[in-house]
Amino acid sequence: MRIDLHTHSSVSDGTDPPAVLVRRAAEVGLDIVALTDHDTYDGWPDALEAGRGAGVEVVPGVEISTRLAGTGVHLLAYFVDPGFQPLAAELAQVRADRRARLRRIAGRLTEAGMPLTEDEILAQAAVASTVGRPHVADAMIAKGYVRHRGEAFARWLSEGRAGYIPKYAPDTFRAVELVRAAGGVAVVAHPWGRGSREALDPATVAELAANGLDGIEVDHEDHDSDTRRELADLADSLGLVATGSSDYHGTGKVGHDLGLNTTAPEQWERLSGLARERRDPGVRQA
Ligand code: AMP
Ligand code: ZN
Ligand code: FE
Ligand code: FE
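Engineer: Can you lay out the overall build of the protein chain for me, pointing to particular residues and giving the numbers?
Structural biologist: Helix and strand counts for the protein chain stand at 10 helices and seven strands. The C-alpha atoms of the protein chain give a radius of gyration of 18 Å, which matches the 19 Å a tight globule of 286 residues would have. Each principal axis of the C-alpha distribution contributes one length, and for the protein chain these read about 65 × 45 × 40 Å. Across the 286 residues that make up the protein chain, the buried fraction comes to 53%. Contacts in the protein chain between residues far apart in sequence, at least 24 positions, make up 72% of those at least 6 positions apart. Here the protein chain displays about 12100 Å² of accessible surface, and carbon together with sulfur accounts for 49% of that area.

Engineer: Before we move on, could you go through the coordination of the iron ion (ligand 4) and cite the residues and values that matter?
Structural biologist: The protein atoms that coordinate the iron ion (ligand 4) are His6 (NE2), His8 (NE2), Glu63 (OE) and Asp247 (OD), at distances spanning 2.1 to 2.3 Å. One can describe the site at the iron ion (ligand 4) as irregular: its four donor atoms subtend angles covering 75 to 159° at the metal. On the primary sequence, the residues serving as donors to the iron ion (ligand 4) are separated as H-x1-H-x54-E-x183-D. Between the two metal centres, the iron ion (ligand 4) and the zinc ion (ligand 2), the spacing is 4.3 Å. Taken together, the residues span a long stretch of sequence, with Glu63 in strand E3 (residues 57-68) and Asp247 in the loop between strand E7 (241-244) and helix H10 (265-279) at a distance of 184 residues. Comparing Glu63 with Asp247, the two get one shared label, buried.

Engineer: Outline the pattern of salt bridges, supporting the account with residue identities and numerical values.
Structural biologist: Per the stated rule, a full pass over the model turns up 17 salt bridges. The partner of Asp222 in a salt bridge is Arg194, with the nearest N and O atoms 3.7 Å apart. You can see Asp222 sitting in the loop between strand E6 (215-219) and helix H9 (225-238) and its partner Arg194 sitting in the loop between strand E5 (185-188) and helix H8 (202-210), a full 28 residues away along the chain. Looking at Arg194, the relative accessible area reads 61%, which means it is exposed. In this structure, the salt-bridge partner of Asp219 is Arg228, at a minimum N-O distance of 3.4 Å.

Engineer: Report on the layout of surface pockets, specifying residues and quantitative values.
Structural biologist: Put simply, the largest pocket is a space of about 1100 Å³. Around the largest pocket, the lining comprises 44 residues; the ones closest to its centre are His74, Arg133, Phe153, Arg194 and Lys253. Of the voids in this model, the second largest pocket is the one considered here, and its volume is about 160 Å³. Taken together, 14 residues line the second largest pocket, and the ones lying closest to its centre are Val218, Ala232, Ala242, Thr243 and Gln267. Going through the elements one at a time, E6, H9, E7 and H10 are the ones with two or more residues in the lining of the second largest pocket. In terms of residue class, the lining of the second largest pocket is built from six nonpolar, five polar and three charged.

Engineer: Let's hear about the coordination of the zinc ion (ligand 2): which residues, and what values?
Structural biologist: The coordination sphere of the zinc ion (ligand 2) contains the protein donors Asp13 (OD), Asp13 (OD), His38 (NE2) and His249 (NE2), at a distance range of 2.0 to 2.6 Å. Read in sequence order, the donor residues coordinating the zinc ion (ligand 2) give the pattern D-x24-H-x210-H. Between the zinc ion (ligand 2) and the iron ion (ligand 3) there is a metal-metal distance of 5.7 Å. Here Asp13, found in the loop between strand E1 (3-4) and helix H1 (18-27), pairs with His38, found in the loop between strand E2 (32-35) and helix H2 (44-54); they are 25 residues apart in sequence, far enough to count as distant. Relative accessible area serves as the criterion here: at 6%, His38 is assigned to the buried category.

Engineer: Before we move on, could you go through the pairing of strand E4 (residues 71-78) and cite the residues and values that matter?
Structural biologist: Here E4 lies mainly inside the structure; six of its eight residues are buried. Pairing of E3 with E4, which is carried by eight bridges, proceeds in the antiparallel orientation. Directly across from Ser65, in E4, lies its bridge partner His74. Both E4 and E5 contribute to a ladder of four bridges, which runs antiparallel. The partner of Ala77 across the bridge, within E5, is Ala186.

Engineer: Which residues make up the sheet that holds E1, and what values do they have?
Structural biologist: Read from one edge to the other, the open sheet built from seven strands follows the order E1-E2-E3-E4-E5-E6-E7, with strand pairing classed as mixed. In the strand order of this sheet, the two ends are held by E1 and E7, each with one partner. Pairing of E5 with E6, which is carried by two bridges, proceeds in the parallel orientation. Looking at the pairing, Val188 lines up with Ile216 of E6. Sheet strands touched by H10: E1, E2, E3, E4, E5 and E7. Its angle to E7, the strand with the most contacts, is close to 115°.

Engineer: How would you summarise the site of ligand 1 if you had to cite specific residues and measurements?
Structural biologist: The full set close to ligand 1 counts 15 residues, and His38, Arg101, Arg133, Lys167 and Lys253 are the nearest of them. Note that an oxygen atom of ligand 1 is positioned 2.8 Å from one of the side-chain N or O atoms of Lys167. One of the side-chain N or O atoms of His249 is found 3.4 Å from an oxygen atom in ligand 1. Here ligand 1 loses 88% of its free accessible area of 490 Å² to cover by the protein chains. Judged by its atoms lying within 2 Å of the grid points, ligand 1 is housed in the largest pocket. Per-element tally for the shell around ligand 1: the top contributor is helix H6 (residues 149-157), with three residues.

What counts and how
Residues numbered from 1 in each chain as written. Chains lettered and ligands numbered in written order. Predicted model: local features only at pLDDT ≥ 70, side-chain atom pairs only at ≥ 80, totals over all residues. Heavy atoms only, no water. Helix = DSSP H or I, 4+ residues; strand = E, 2+ residues; numbered from the N terminus. Rg over C-alpha atoms; globule rule 2.2 N^0.38 Å. Buried < 20%, exposed > 50% of the residue type's maximum accessible area, 1.4 Å probe, protein only. Contact = heavy atoms within 4.5 Å. Areas by Shrake-Rupley, 256 points an atom, 1.4 Å probe, with all protein chains shown as cover. Donors = N, O, S within 2.8 Å, 3.2 Å for Na, K, Ca; no water. Tetrahedral: all angles 85-135°; square planar, octahedral: opposite > 155°, others 65-115°. Salt bridge = Lys/Arg side-chain N within 4 Å of Asp/Glu carboxyl O. 1 Å grid on protein atoms, 1.4 Å probe; cavity = no way out; pocket = protein on both sides within 12 Å on 5 of 7 lines; lining within 4 Å. Points joined across faces, edges and corners; volume = space filled by probe spheres on them. Nonpolar A, V, L, I, M, F, W, Y, C, P; charged D, E, K, R; others polar. Pairing = 2+ DSSP bridges. Axes fitted to C-alpha atoms, helices over the stretch in contact; angles between N-to-C directions. Near = heavy atom within 4 Å. Polar contact = N/O pair within 3.5 Å; in protein donor to acceptor, adjacent residues only side chain to side chain. Sits in = over half its atoms within 2 Å of the grid points.

Here is the structure:
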């Protein structure tokens, strides 16, 4: 049983259309794959349909951009009701602000000697509902300013660099509350990966757990083996589900192949069980 709970399609900043991603998941022998595009549910219908054809269980998910003490924290949510307006409205606001900041990012890069327009960035996000810095990076590659996304982030787009403009994101605690209200389960993505480690000390993770967080992503490429051990212990001590994933982005992120890290079946049983209970409290007694 191989389970990958975090992937991105071209609906956000991955490069495979959702159906292609799901067929690839089947080809590499995954039994369950979650589609977790940034701040949008738009890839779900195609992914779910492709899953039925390819014999893979597709889990509808989303990676929500949130903020905690000024730091960006990514929150994975699974099985939320897409019709639940308070959460859908938050995601719409995040997407709108992601879109609005492109002009300012283009201005910053132009000032830095790399003429770039909003339209040139949008051209890279042709089929995406959610635009992000990876599309800016792609536009910079197209113009010959950098060789790959990694270089664009390292030199220009990461927090603190000249092309960085923050975006609106809901508070992490509020996002967890909304995910639960939407009938879903909430898992912090790559908690001690790039960027989010400062905001997510063990005491804060404990506070999130006490306020409804269901799990943390332990096995992720941004975590070295010591970090994974520490996070597994933390999950254990707080009663949180521990997940693993590839954070696949197609060709947009090297070294994140589908199924690279996976979630243990017993952890998946716990997480999906929590989701079933939340959707239908009756199943607890069943
Ligand atoms: P944004 O959504 O605009 O905040 O940009 C963050 C996205 O950029 C995340 O999906 C990351 O996976 C991606 N990202 C961050 N750093 C890099 C990198 N060095 N190379 C490629 N993608 C990156
Ligand atoms: Zn991404
Ligand atoms: Fe992330
Ligand atoms: Fe991701």
